[in-house]
Amino acid sequence: MRVALFGTGRIGRLHARLLSTTPGVDELIVADAIAERAIEAAAETGATAAPTVAAAFERAEAVVIAAATTAHAELVRASVDRGLPTFCEKPLAQDLAATLETAAHVERSGVPFQLGFQRRFDAGYTEARRLLASGALGTLYNFHLSGHDPEPPHESYIPQSGGLFRDFSIHDFDVIRWVTGREVAEVYADGDVRGFPVFARYGDVDTGVVTLRMDDGALGVLTVARHDPLGYDIRAELYGSKDSVSVGLGPRTPLRSVEPGVPPPAGPAWPDFLERFHDAYAAELAAFVRVAAGSEASPATARDGVEALRIAEAATRTLHEHRPVRLDEIPRD
């Protein structure tokens with residue numbers, strides 16, 4: 001299968017390396033708005049650098065989109081209109097209206113499509129989902145999600161990020177739907193600027209908390225921050241009537257116990273999402289190749305992208321309005 005990769009920035013370079021060794025990919029074609037980046041990525045991975053987007057489309061049998069967020073919707077539409085199986089990194093589009101429109105376009109096309117929610121392929125989240133579905137955890141009482149970045153983004157990124165919950169927390173919102181098999185019914189969020197005043201210039205926060213009520217009554221809390229001096233901390237804790245489990249708690253977790261006699265984590269701490277979820281990204285792309293070949297259904301659909309964004313929209317609304325927001329207040333079509 002000839003796969004065209006659009007975008008060779010940080011996540012695109014990782015995808016190029018992974019696709020170059022993914023079973024079923026016979027040829028990799030890379031394209032980027034900055035031609036020099038595509039040439040460099042091609043040299044690193046043995047891929048072919050296409051001179052233009054059109055040239056890459058002409059040769060492709062499947063498409064992976066890792067370009068700038070502003071280009072996602074247009075590239076997705078162009079790809080599915082050509083009948084090409086398409087993978088797109090999150091988000092599907094820049095805002096909810098464009099996301100709804102793009103998801104509907106994908107669904108009407110009938111073309112195989114997969115959205116980049118890599119945590120669905122992480123071993124820990126996969127096991128938590130299995131335990132909950134099997135009944136081993138019993139009734140899920142509540143859960144705690146943690147999302148703490150090692151460093152805030154550059155100021156130039158903040159005004160186009162969509163805000164803390166849309167940009168960073170959307171993976172947590174997706175994965176709790178996936179792990180529990182339930183939908184979020186209501187959210188309440190709060191936040192503040194605790195360390196980096198630059199966020200206030202754009203009406204954003206660098207620290208937040210979200211409470212989530214699931215449609216079966218289970219309750220959860222998400223804590224999120226743009227800065228963790230110890231490293232990249234992504235965890236989930238599930239508390240049930242039969243057992244309690246944690247995802248992301250291990251020797252590289254950037255968190256230490258202050259209980260007497262408890263040794264510190266062996267380390268080194270996870271530095272970023274690329275390393276923390278490297279294996280998940282590899283499994284995600286391998287799954288997409290199977291989806292593109294028609295051997296399995298998409299594990300993360302455009303509609304999944306809509307639902308995760310609706311939760312992020314609700315969290316953003318409650319942050320600014322200081323009231324609980326039910327998900328049925330947020331458009332889904």
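Heads up: these notes are all about the structure in this document.

Criteria and thresholds
- Residues numbered from 1 in each chain as written.
- Predicted model: local features only at pLDDT ≥ 70, side-chain atom pairs only at ≥ 80, totals over all residues.
- Heavy atoms only, no water.
- Pairing = 2+ DSSP bridges.
- Helix = DSSP H or I, 4+ residues; strand = E, 2+ residues; numbered from the N terminus.
- Contact = heavy atoms within 4.5 Å.
- Axes fitted to C-alpha atoms, helices over the stretch in contact; angles between N-to-C directions.
- Expected span 1.5 Å × (residues − 1).
- Buried < 20%, exposed > 50% of the residue type's maximum accessible area, 1.4 Å probe, protein only.
- Core = buried A, V, L, I, M, F, W, Y, C linked by side-chain atoms within 4.5 Å.
- Polar contact = N/O pair within 3.5 Å; in protein donor to acceptor, adjacent residues only side chain to side chain.
- Salt bridge = Lys/Arg side-chain N within 4 Å of Asp/Glu carboxyl O.
- Phe/Tyr/Trp six-rings, centres within 6.5 Å; stacked < 30°, edge-to-face > 60°.
- Lys NZ or Arg CZ within 6 Å of the ring centre and 35° of its normal.

A few words on the sheet that holds strand β1 (residues 2–6). Backbone hydrogen bonds are what pair the strands of a sheet, in a parallel or an antiparallel way. With respect to topology, six strands assemble into an open sheet ordered β3-β2-β1-β4-β5-β6, the strand pairing being parallel. With partners counted over all chains shown, the strands left at the sheet margins are β3 (48–49) and β6 (113–116), one partner each. Where strand β5 (residues 86–89) and β6 come together, four bridges link them in parallel fashion. Across the sheet, C88 pairs through a bridge with L115, a residue of β6. Helix α1 (residues 10–19) rests against β1, β2 (27–31), β4 (62–65) and β5 of the sheet, and its axis sits at about 165 degrees to β1. Of the strands in this sheet, β1, β4, β5 and β6 touch helix α4 (residues 69–81), which is tilted by about 175 degrees from β5.

Within the open sheet, the seven strands sit side by side as β12-β11-β7-β10-β9-β8-β13. Their pairing is mixed. The open sheet has two free edges, formed respectively by β12 (244–247) and β13 (325–326), since each of these has just one partner strand. Alignment of strand β9 (residues 207–214) against strand β10 (residues 219–225), held across seven bridges, turns out to be antiparallel. By the bridge assignment for β10, V209 is matched with T223.

A few words now on the environment of D333. Position of D333 relative to the elements: it lies in the segment after β13. Once residues lying within four places of it in the same chain are set aside, the contact partners of D333 are L100 and R303.

Turning our eyes to something else, we now look at α4. Taking 1.5 Å per residue as the helical rise, α4 with its 13 residues ought to reach 18 Å, and the 19 Å between its terminal C-alpha atoms agrees with that figure. Looking only at α4, the buried set comprises H72, A73, L75, V76, S79 and V80. Just past α4, the residue G83 takes up positive phi, approximately 75 degrees.

Further remarks concern helix α11 (residues 278–293). Spacing of three or four residues puts side chains on the same side of an α-helix, whose turn is 3.6 residues. With 16 residues, α11 ought to run about 22 Å at 1.5 Å a step, and its terminal C-alpha atoms sit 23 Å apart, in line with that. Here α11 has its buried residues at A280, Y281, E284, L285, A287, F288, V289, V291 and A292. Packed against the buried residues of α11 are α1, β4, β5, β6 and α10 (273–276). Backbone geometry just downstream of α11 places G294 in the positive-phi region, at approximately 85 degrees.

Membership of the largest hydrophobic core comes to 99 residues, with the highest contact counts inside it found for F6, Y125, F165, F173, V210, L212 and L238. When residues no more than four places from it in sequence are discounted, the contact partners of L212 are F143, F173, V184, E186, V187, A218, L219, G220, L222 and I311.

Locating Q114 in the fold gives a position in strand β6. Classification of Q114 by relative accessible area gives buried; the value is 0%. Within the structure, Q114 has its side chain in polar contact with the backbone oxygen of E284 (distance 3.3 Å). If we ignore the near neighbours within four places in the chain, the residues touching Q114 are T86, F87, C88, F121, E284, A287, F288, V291, S298, P299 and A300.

Taken as a whole, this structure holds 30 salt bridges when the rule is applied. In this structure, R120 and D174 form a salt bridge, with 2.7 Å as the shortest nitrogen-oxygen distance. On the criterion of sequence distance, the pair formed by R120 in the loop between β6 and α6 (123–134) and D174 in helix α9 (residues 170–180) is long-range, its members being 54 residues apart. In this pair, the class of R120 matches that of D174, namely buried. The salt bridge partner of E296 is R290, with a shortest N-O separation of 2.7 Å. The partly exposed category is assigned to E296, whose relative accessible area is 32%. A relative accessible area of 37% means that R290 is categorised as partly exposed. In this structure, a network of salt bridges that share partners links the residues R120, D174, R177, E183 and D304.

According to the stated counting rule, one finds three aromatic pairs in the structure shown. Consider the rings of Y232 and F277, whose centres lie 6.4 Å apart with planes at 85 degrees: the pair is edge-to-face. Residue Y232 is found in the loop between β10 and β11 (233–240), and its partner F277 is found in the loop between α10 and α11; the two are separated by 45 residues along the sequence. Since its relative accessible area comes to 4%, Y232 is described here as buried. By relative accessible area, F277 is classed as buried at 0%. For R82, the ring lying beneath its charged end belongs to F57, and the centroid distance is 4.2 Å. We note R252 situated over the ring of W270; from NZ or CZ to the ring centre the distance is 4.0 Å.

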